[in-house]
Every structure is written in structure tokens, then in C-alpha cells.
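If you want the building blocks of each chain, they are given just below.
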Amino acid sequence: MRIHVATDHAGLEFSQQLQQHLQGLGHEVIDHGPAEYDALDDYPSFCINAAIGVAQDQRAGVEALGVVFGGSGNGEQMAANKVEGIRAALVWNDSTATLAREHNNANVISIGARQHPVEDAIRFIELFIDTPFPGDERHVRRIAQLGEYERTGDIAGKHVDQLG
């Protein structure tokens, strides 16, 4: 499987260790940066590029997922979710790693590098990758509603009030 990875300065060493682990499991890892430590770097471009890579691969029929890191994982998840077709989930334990796939068919996860030891993050990522989306009707319906809103601003044919 192809795994797109991105981080910021807070998760750089963490990301490098995880990439080596994923490669050791036989995954093709695409690193979207950063390439070196810069305490003033900004995560949005790195994480958005990783999410774009996942979305493009999935549209092309390539089996791909994404993992983004930062200090807390919050901003990185928000950045990835700006890309159409991405469902990024913040993962902080085994249950959220599996539920991200089982209930939301998440295609990107975000992990706080300052919140977990690398061993936990490895376990979360492996659970995420290894958990299939079972395709239960209620989950498929809800995911479709999110996609509909993303494309049209409506959910289940109902107009959603917009700010402004």
C-alpha cells in the first residue's frame, strides 16, 4: 500500500522513525515533508500535499492512505480535511484508530507526536491500515452526506444554512 506522510518540525524525528517502520512492512512511503528541521515551518502545505496525494491515488485506483503528524495532531487533521475527498481523523488510542476506518472510512489519520511515544503511534497506524471498512449502510450513508456537502453545500437534499 502507498502511504503518504507529512509533518511539521514537532513531528519530524517521529515521522522519520515511522516511515522506516512502514517501509520495513513493505509499504511504499511518500514523504511530503519537511526534509529538514525548521522550528518556524508551517504544517498546512505539508499536510495538504499529503492529503492531495491520497485523494489523487484513490481516484486513480491506487490503494493509498495518509498519516500526518504535528505536536497535537489537531491542526494537521484540519489541514488534511480541506482537501476534497479526504476524511482525516485525529487518532489518540487503539479504538479511535480502528473506528476511523470502521465507521468513517477515514483515508488519513493525524497523530500528535508530542502526545504519544513512537511505539503507540506505530500501533495506531498499523491498526488503521489493517482495519477494513465493512461498508455498513448507515456509515456509507453518512459518508455520502459529507461528500455531498463538500461538493454542493447540501446534505441529503436539504439545504444547509451558510454563514453570512
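Note: the structure precedes this text.
Definitions and cut-offs
- Residues numbered from 1 in each chain as written.
- Predicted model: local features only at pLDDT ≥ 70, side-chain atom pairs only at ≥ 80, totals over all residues.
- Heavy atoms only, no water.
- Pairing = 2+ DSSP bridges.
- Helix = DSSP H or I, 4+ residues; strand = E, 2+ residues; numbered from the N terminus.
- Axes fitted to C-alpha atoms, helices over the stretch in contact; angles between N-to-C directions.
- Contact = heavy atoms within 4.5 Å.
- Buried < 20%, exposed > 50% of the residue type's maximum accessible area, 1.4 Å probe, protein only.
- Expected span 1.5 Å × (residues − 1).
- Polar contact = N/O pair within 3.5 Å; in protein donor to acceptor, adjacent residues only side chain to side chain.
- Salt bridge = Lys/Arg side-chain N within 4 Å of Asp/Glu carboxyl O.

Taken in spatial order, the 5 strands of this open sheet run β2-β1-β3-β5-β4, and their pairing is parallel. In this open sheet, the two edge strands, each paired with only one partner strand, are β2 (28-31) and β4 (88-90). Direction aside, the axes of adjacent strands within the sheet are offset by 25° on average. Where strand β1 (residues 2-6) meets β2, 4 bridges bridge the pair, whose relative direction is parallel. Each residue of the ladder has a partner; that of Arg2, found in β2, is Glu28. Seen against the sheet, helix α2 (residues 43-59) touches β1, β3 (64-70) and β5 (108-112) and runs at an angle of roughly 165° to β1. Against the sheet, helix α5 (residues 118-130) touches β1, β3 and β5, its axis set at about 170° to β5.

Counting through the fold element by element, Gln58 comes out in helix α2. A relative accessible area of 33% means that Gln58 is categorised as partly exposed. C-alpha separation for the pair Gln58 and Gly85, spaced 27 residues apart in sequence, amounts to 9.2 Å. Setting aside residues up to four positions removed in sequence, Gln58 forms contacts with Ala64, Leu65 and Asn107.

To continue, consider helix α1 (residues 12-24). When the terminal C-alpha atoms of α1 are compared, their 18 Å separation across 13 residues agrees well with the 18 Å that a helix rising 1.5 Å per residue should span. The secondary structure elements touched by the buried residues of α1 are β1, β2, β3, β5 and α5. Looking one or two residues past α1, Gly26 carries a phi angle of roughly 95°, positive in sign.

To continue, consider helix α6 (residues 137-152). Here α6 is 16 residues long and its end C-alpha atoms lie 22 Å apart, about the 22 Å a rise of 1.5 Å per residue gives. Those residues of α6 lying buried are His139, Ile143, Gly147 and Glu148. Contacts from the buried residues of α6 go to α4 (94-102) and β6 (154-155). Gly153 sits one or two positions beyond α6 and adopts a positive phi of about 85°.

Judged by how many residues are buried, β1 sits mostly within the fold: 4 of 5 residues are covered. In the sheet, β1 pairs with β3 via 5 bridges, with the strands oriented parallel. In the sheet register, Ile3 faces β3, and the bridge partner there is Leu65.

A few words on the side chain of His139. As for its position among the elements, His139 is in helix α6. Residue His139 is classed as buried on the basis of its relative accessible area, which comes to 3%. A polar contact of 3.3 Å, which involves the side chain of His139, links it to the side chain of Arg138. His139 has contacts with Glu102, His103 and Phe133, leaving out every residue within four places of it along the chain.

With that out of the way, let us pick up the pattern of salt bridges. According to the stated counting rule, one finds 6 salt bridges in the structure shown. Between Arg2 and Asp57 there is a salt bridge; the shortest N-O distance is 2.9 Å. With Arg2 in strand β1 and Asp57 in helix α2, this pair connects stretches of sequence that are 55 residues apart. You can call Arg2 partly exposed: its relative accessible area is 22%.

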